[in-house]
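If you want the building blocks of each chain, they are given just below.
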Amino acid sequence: MKIWPAPPDHGIVFVRTDLKRPELIPARCENIRSTQNASTLGVNGTRVGTVEHLLAAFYGLQIDNAVVEVQGPEIPIMDGSAEPFVQMLYAAGAERQSRPRRKLVVTRPVRVEENGKWAELMPSDRLRIRFTISFDHPAIKDQTLEVEFSNGNFREEISRARTFGFLHEVETLKAHGLAKGGSLENAVILDAQGVINPEGLRFPDEFVRHKILDTLGDLMLIGLPIQGAYRGYKSGHSLNLKLVQALLADHAAYDIL
Ligand code: ZN
C-alpha cells in the first residue's frame, strides 16, 4: 500500500494498482459492498476490503484528502490496530490546505436499532463516542467507554487497540479459506478462558477501545468529519453503516458548515 497527497475536497480515494483497469473507489457510504467481518468498498465490481482501521487513522489525524494505492483486494491488516498507519502518516507529515475544512454537524437525534443492539447520534459541541459491549466471556464481559476527540487523544487512547476474535471463529474462517494471514501477530485471540496472546492486552478494556476505533472508521464513510455525539450498544460495522445512511437520508438532522 502507498498513500499519496490529494488536493482539497478530494476526500479519501482507494485505487487498486494490481488491476489492468484501475478503478477509483471513494471512501463513502454509497460504495459499501459488505460489512461482514470488515468493511469492503467497491465500484463497478472492483473491491477493496478491511478499510476501517486505515480510515480511523485518517480520522484521528484529521487527514481529509489522500489517495490510497493498494496492490491487492485488501488493506494490510498490520497488527490489527491503527497504530502502524498512524506512525506512517506521522512520519510522512501532513499539510494544512488552502480551503476551509467542511464538517457535518448533527442537529437532531438519529437512532437505529436491530435485535437488541442500537446506535445513535445526538447534537454535540464536538465528536464524542460512547460505546458499550457485552460479551458472555470471562475476559470481556461488559465494557463501556466514552472518548471525546478534541486534543489529539486518538493516538494514545484508541489507535493502539487491536481487533479481536475467538479461537473457534478463527478456525471456522480458516476452514473456509479466510483469515489466511490470521495469527496472534494481528489480532487478540480468546479461547474459552481468556486471551491466548503471550503479550496479553495493551489496555484492560482494549476490546471496547477497538470498537470505538472501528466506529471512527465507519463514521469516516460520511465523507466529511462529523460533529456529534455517537452512542452505541453492541453495535458493529453493519449497524453503524445503517446509522450513517439514516443520518444522510434525513436532511433535517444535520447541517454542513
Ligand atoms: Zn476493527
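Here the structure is a predicted model, which means the values were calculated and not measured.

Is there a simple way to think about the sheet that holds strand β16 (residues 229–233) in this case?
Within a sheet, each strand pairs with its neighbour through backbone hydrogen bonds, oriented either parallel or antiparallel. Strand order in the open sheet made by the five strands is β9-β10-β16-β11-β12, with mixed pairing throughout. Only two strands of the sheet have a single partner each, and these edge strands are β9 (110–114) and β12 (142–149). Adjacent strand axes in the sheet meet at a mean angle of 5 degrees when their direction is disregarded. Of the strand pairs in this sheet, strand β10 (residues 117–122) and β16 are connected by five bridges, and their pairing is antiparallel. Of the residues in β16, the one forming a bridge with methionine 122 is alanine 229. Packing against the sheet, helix α6 (residues 237–249) makes contact with β9, β10 and β16, and its axis sits at approximately 145 degrees to β9.

Help me out: how do you make sense of the coordination of the zinc ion in this one?
Geometry sets the ideal angles at a metal, namely 109.5 degrees for four tetrahedral donors and 90 or 180 degrees for six octahedral donors. With distances of 2.1 to 2.8 Å, the protein atoms coordinating the zinc ion are His53 (NE2), His210 (NE2), Asp214 (OD) and Asp214 (OD). Classification of the site at the zinc ion as irregular follows from its four donor atoms and the range of 51 to 150 degrees in their angles at the metal. Written as a sequence motif, the donor arrangement for the zinc ion is H-x156-H-x3-D. Of this pair, histidine 53 sits in helix α1 (residues 52–60) while histidine 210 sits in helix α5 (residues 206–219), and the two are 157 residues apart along the sequence.

Can you help me understand the pairing of strand β7 (residues 66–70) in this one?
Successive side chains on a regular strand alternate, one facing one side of the sheet and the next facing the other. Counting buried residues in β7 gives four out of five residues, a clear majority hidden from the surface. Relative to β7, strand β1 (residues 2–5) runs antiparallel, the two being bridged by four bridges. Residue pairing across strands places tryptophan 4 opposite valine 67, the latter belonging to β7. Strand direction decides the pairing type here: strand β2 (residues 12–16) and β7, joined by five bridges, are parallel. Paired with valine 15 across the strands is glutamate 69, a residue of β7.

Teacher, can you tell me more about α1 here?
In an α-helix, one turn spans 3.6 residues; hence positions three or four apart end up facing the same way. For α1, the buried fraction is high: eight of the nine residues fall into the buried class. Within α1, the full set of buried residues consists of Glu52, His53, Leu54, Leu55, Ala56, Ala57, Phe58 and Tyr59. The first or second residue beyond α1 is glutamine 62, which carries a positive phi of 55 degrees.

Sorry, what's going on with the sheet that holds strand β17 (residues 254–256) here?
Spatially, the three strands line up as an open sheet ordered β15-β8-β17, and their pairing is mixed. With partners counted over all chains shown, the strands left at the sheet margins are β15 (226–227) and β17, one partner each. Across two bridges, the pairing between strand β8 (residues 104–106) and β15 is parallel. Paired with valine 105 across the two strands is glutamine 227, which belongs to β15.

Where do I start with the packing of aromatic side chains in this structure?
Note on aromatic pairs: each is described by the distance of the centres and the angle between the planes. Across all of its chains, the model carries five aromatic pairs by this definition. Ring geometry for phenylalanine 164 versus phenylalanine 207: centroids 5.0 Å apart, planes at 85 degrees, classification edge-to-face. Note that phenylalanine 164 is positioned in strand β13 (residues 164–166) and phenylalanine 207 in helix α5, a separation of 43 residues in sequence. Positioned above the aromatic ring of phenylalanine 203, the side-chain terminus of arginine 209 is 4.4 Å from the ring centre.

Can you walk me through the packing of α1 against α5 in this structure?
Geometry of a packed helix pair, given as the angle between the helix axes and the separation of the axes. Here α1 crosses α5 at 80 degrees, and the two axes come no closer than 7 Å. Of the possible angle classes, the one that applies to α1 and α5 is roughly perpendicular. Contacts from Glu52, His53, Leu55, Ala56 and Tyr59 of α1 reach α5 at His210, Leu213, Asp214, Leu216, Gly217 and Leu219. Along the lines of polarity and charge, the residues of the contact of α1 with α5 split into six nonpolar, three polar and two charged.

Explain the nonpolar core here, please?
It is characteristic of soluble globular proteins that their nonpolar side chains tend to be buried jointly. Formed by 65 residues in total, the largest nonpolar core has its most connected members in Phe14, Phe58, Ile226 and Leu247. Not counting residues within four places of it along the chain, the set of residues in contact with phenylalanine 58 comprises Ile3, Ile12, Ile63, Ala66, Val68, Leu89 and Met220.

Explain the pattern of salt bridges here, please?
Should the charged atoms of two oppositely charged side chains come close, the side chains can pair. On inspection of all chains with the given rule, the structure shows 19 salt bridges. Where arginine 16 meets aspartate 18, a salt bridge forms, and the shortest distance between an N and an O atom there is 2.8 Å. Overall, the relative accessible area of 9% leaves arginine 16 in the buried class. One salt bridge in this structure joins arginine 111 and glutamate 120, with 2.9 Å as the shortest N-O distance. Here arginine 111 falls in the partly exposed class, since its relative accessible area comes to 41%. Relative accessible area serves as the criterion here: at 8%, glutamate 120 is assigned to the buried category. Taken together, the salt bridges that share partners define one network made up of Asp125, Arg126, Arg128, Arg130, Glu146 and Glu148.

Reading the values: the criteria
Residues numbered from 1 in each chain as written. Predicted model: local features only at pLDDT ≥ 70, side-chain atom pairs only at ≥ 80, totals over all residues. Heavy atoms only, no water. Pairing = 2+ DSSP bridges. Helix = DSSP H or I, 4+ residues; strand = E, 2+ residues; numbered from the N terminus. Axes fitted to C-alpha atoms, helices over the stretch in contact; angles between N-to-C directions. Contact = heavy atoms within 4.5 Å. Donors = N, O, S within 2.8 Å, 3.2 Å for Na, K, Ca; no water. Tetrahedral: all angles 85-135°; square planar, octahedral: opposite > 155°, others 65-115°. Buried < 20%, exposed > 50% of the residue type's maximum accessible area, 1.4 Å probe, protein only. Phe/Tyr/Trp six-rings, centres within 6.5 Å; stacked < 30°, edge-to-face > 60°. Lys NZ or Arg CZ within 6 Å of the ring centre and 35° of its normal. Parallel < 35°, antiparallel > 145°, perpendicular 65-115°, else oblique. Nonpolar A, V, L, I, M, F, W, Y, C, P; charged D, E, K, R; others polar. Core = buried A, V, L, I, M, F, W, Y, C linked by side-chain atoms within 4.5 Å. Salt bridge = Lys/Arg side-chain N within 4 Å of Asp/Glu carboxyl O.

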